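What follows is each chain in one-letter form.
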Amino acid sequence: MENAIKVTGLRKVFDQHAAIEDISFSVKPGEIFGLLGPSGSGKTTTIKILTGELGQTAGDVYVLDINAPLFGTADFKSRIGILSDNSSLYERLTVYDNLKLFCKLYDAPLEQIEVMLDEVNLKEARSKVVSKLSKGMKQRVLLAKALIHKPELVFLDEPTSALDPGNAAHIHRGLQKLNEAGTTIFITTHDMEEATELCDRVAFLDKGKIQELGSPDELRYKYSTHAFHVETFDDERLVIENEAGNADKIRDLIANGEVKSIQSDNPTLGQIFLKVTGKELV
């Protein structure tokens, strides 16, 4: 399989308004791909089309070599995992019983429940009724539900939006472990630090169009001024252009023991998004 996801000329119109306007991209098997953008940019619409929840107005969409008209089949649904804004749980059941039900629906072994409770840091909450859980805890149960049948490809729409930093970091480690085992991950987020940590490649989506696409390192280098920012022990802050003529200046600062810190001028993904789209990522 050359591509886990292949999208060409995708367009989606609601009431004469184009939520998605002619976007094209591909995701390789085993890749973590991030679709980044502010609320209303078209991220959720895109993920709903890729999972068969919505049909496209125009364009070709292939997921796991299956064309969009067949996304409703049992075979397709068994090969993907989904965490979206429409994902739900049975509020009157316990965490364990929810996951047990989904194991039966996906024909997954019950042993997977313990694995997933550990991955989402909810072992101690296994007997709690879902209606009594916090929003963040429910989000973690939903994530366990999406992963419990070991899908080839998982779609995660803002997976850590309701989580505190500690649990978000725990989930990140679990996703990285899952990816190392071969699972392809498609994630939407407006958290640029999350995207930088997790994603092999990212696409910036704004106004229904992809404005930029590449690996976080590629984009940070592309939009860098390539200058060096030097802080001395005298609290002097210098900006030195990355030019051959400035080599002696940097060497002398280091040789004289004046350098407290030095770093290249690579912007964050958030700064790049602001430069590309002219808006903050919120």
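Residues numbered from 1 in each chain as written. Predicted model: local features only at pLDDT ≥ 70, side-chain atom pairs only at ≥ 80, totals over all residues. Heavy atoms only, no water.

Novice: So what's going on with the pattern of salt bridges? Residues and values would help.
Specialist: Evaluation of the coordinates by the stated rule reveals 12 salt bridges. The partner of E31 in a salt bridge is R201, with the nearest N and O atoms 2.5 Å apart. One end of the pair, E31, is in the loop between β2 (17-27) and β3 (32-36); the other, R201, is in strand β9 (residues 201-206), with 170 residues separating them in the sequence. Assessed through its relative accessible area of 8%, E31 is described here as buried. Each of the salt bridges in this network shares a partner with another, and the network as a whole consists of E231, R237 and K260. (Salt bridge = Lys/Arg side-chain N within 4 Å of Asp/Glu carboxyl O. Helix = DSSP H or I, 4+ residues; strand = E, 2+ residues; numbered from the N terminus. Buried < 20%, exposed > 50% of the residue type's maximum accessible area, 1.4 Å probe, protein only.)

Novice: Can you tell me about the sheet that holds strand β13 (residues 259-264), naming the residues and giving the values?
Specialist: Sheet architecture is open: 3 strands sit in the order β12-β11-β13, paired in antiparallel fashion. The open sheet is flanked by β12 (237-240) and β13, the only strands paired with a single partner. For this sheet, the mean inter-axis angle between neighbouring strands, taken without regard to orientation, is 20°. The pairing of strand β11 (residues 228-232) with β12 spans 4 bridges and is antiparallel. Each bridged residue has a counterpart across the sheet, and for E231 the counterpart in β12 is R237. (Pairing = 2+ DSSP bridges. Axes fitted to C-alpha atoms, helices over the stretch in contact; angles between N-to-C directions.)

Novice: So what's going on with the domain arrangement of the protein chain? Residues and values would help.
Specialist: Domains assigned within the protein chain are domain 1 (5-215) and domain 2 (225-265). Centre-to-centre, using C-alpha coordinates, domain 1 lies 43 Å away from domain 2. (Domains from an automatic or database assignment.)

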